[in-house]
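Chain by chain, the residues run as shown.
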Amino acid sequence: MNILMITSSPHPQDASSSTLLAEHFARGAQEAGHTVTFFDAGHANLHPCLGCGHCGTAGSCIHKDDMAQARAAILSCDMLVFVTPLYYFGMAAQLKTLVDRFYAFNEELMGKKLKAALLTAAWDSEDWIMQALVSHYQTICRYLNFQDMGMILGLGCGTPAMTAASGFPEKACEFGRRL
Ligand SMILES: Cc1cc2nc3c(=O)[nH]c(=O)nc-3n(C[C@H](O)[C@H](O)[C@H](O)COP(=O)(O)O)c2cc1C
């Protein structure tokens, strides 16, 4: 499988808890024979959807930015992995900005029937803190005909050091290896 991982932390790669989970997932998936590529929405030049209707949900976007590269990568992958820090109980704006830009190729994306996964890192440890993000992710999967392959909900992963000690990187690696 061609797996595309969309990371979205604004932290540098080596200082990001969610990217640490993504790297472990990627290692497991590569060990299982999959091809893994990354798109860094956290540092890409991405503009929010203007709702202008220029694309007609199946055309070119008015914005000329890094979404062209992301769009091509999304439409040629078999599995999309959403990677995000938990920001106010949802995905980071950097990832939501990219997701909203799905609008320009909405039906094409629905027809791809992609596999999907969610990897997230949060500071807190109460299980309820992930509910809104999980519900949003599952609703996106349902609408876009994505097949959810699983989630790594990194509770108590507030820094890379906390994450490394949490056991979630090993779970992410095992998840990738199981695919
Ligand atoms: C704007 C902002 C909002 C946050 N919201 C939450 C939150 O709702 N719950 C939580 O447990 N942690 C929250 N955090 C903490 C981050 O999710 C946590 O530090 C995470 O490890 C960051 O991952 P990253 O290094 O990949 O960006 C927030 C951090 C920021 C900067």
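Further up the page is the structure itself.
Residues numbered from 1 in each chain as written. Predicted model: local features only at pLDDT ≥ 70, side-chain atom pairs only at ≥ 80, totals over all residues. Heavy atoms only, no water.

1. Details of the sheet that holds strand β2 (residues 35-40)
Whether parallel or antiparallel, the strands of a sheet pair through hydrogen bonds between backbone atoms.
Step number 1: With parallel pairing, the 5 strands of this open sheet are ordered in space as β2-β1-β3-β4-β5. Strands with a single pairing partner mark the edges of an open sheet, and in this sheet they are β2 and β5 (147-154). Strand-to-strand twist across the sheet, computed as the mean angle between neighbouring axes with direction ignored, equals 15 degrees.
Step number 2: When strand β4 (residues 115-121) meets β5, the two strands line up parallel, connected through 6 bridges. Paired with Leu 119 across the strands is Ile 152, a residue of β5.
Step number 3: Across the sheet, helix α5 (residues 131-143) is in contact with β3 (79-85), β4 and β5; its angle to β5 comes to roughly 165 degrees. (Pairing = 2+ DSSP bridges. Helix = DSSP H or I, 4+ residues; strand = E, 2+ residues; numbered from the N terminus. Axes fitted to C-alpha atoms, helices over the stretch in contact; angles between N-to-C directions. Contact = heavy atoms within 4.5 Å.)

2. So, the nonpolar core
Step number 1: In terms of nonpolar packing, the biggest core is built from 37 residues, with Ile 74, Leu 80, Phe 82, Leu 98, Phe 102 and Phe 146 touching the most fellow members.
Step number 2: Of all the secondary structure elements, the ones that give two or more residues to this core are β1 (2-7), α2 (67-75), β3, α3 (93-100), α4 (106-112), β4 and α5.
Step number 3: Residues Leu 21, Ala 29, Val 81 and Ala 172 belong to the second largest nonpolar core, which totals 19 residues. (Core = buried A, V, L, I, M, F, W, Y, C linked by side-chain atoms within 4.5 Å. Buried < 20%, exposed > 50% of the residue type's maximum accessible area, 1.4 Å probe, protein only.)

3. Digging into a nonpolar patch on the surface
Step number 1: A contiguous nonpolar surface patch, about 520 Å² in accessible area, is contributed by Tyr 87, Tyr 88, Phe 89 and Trp 128.
Step number 2: Mapped onto the elements of the fold, Phe 89 is located in the loop between β3 and α3. (Patch = residues over 30% accessible without salt bridge, like charges linked within 9 Å, V, L, I, M, F, W, Y side chains within 5 Å. Areas by Shrake-Rupley, 256 points an atom, 1.4 Å probe, with all protein chains shown as cover. Salt bridge = Lys/Arg side-chain N within 4 Å of Asp/Glu carboxyl O.)

4. Notes on the site of the ligand
Step number 1: Near the ligand, the surroundings consist of 18 residues, among which Ser 9, His 11, Ser 16, Ser 18 and Cys 157 are the closest.
Step number 2: Backbone polar atom of Tyr 88 to a nitrogen atom of the ligand: 2.9 Å apart, as the coordinates give it. (Near = heavy atom within 4 Å. Polar contact = N/O pair within 3.5 Å; in protein donor to acceptor, adjacent residues only side chain to side chain.)

5. Describing the packing of aromatic side chains
Step number 1: This structure, assessed with the given rule, holds 5 aromatic pairs.
Step number 2: The ring centre of Phe 168 lies 4.7 Å from the NZ or CZ of Lys 171, which sits over that ring. (Phe/Tyr/Trp six-rings, centres within 6.5 Å; stacked < 30°, edge-to-face > 60°. Lys NZ or Arg CZ within 6 Å of the ring centre and 35° of its normal.)

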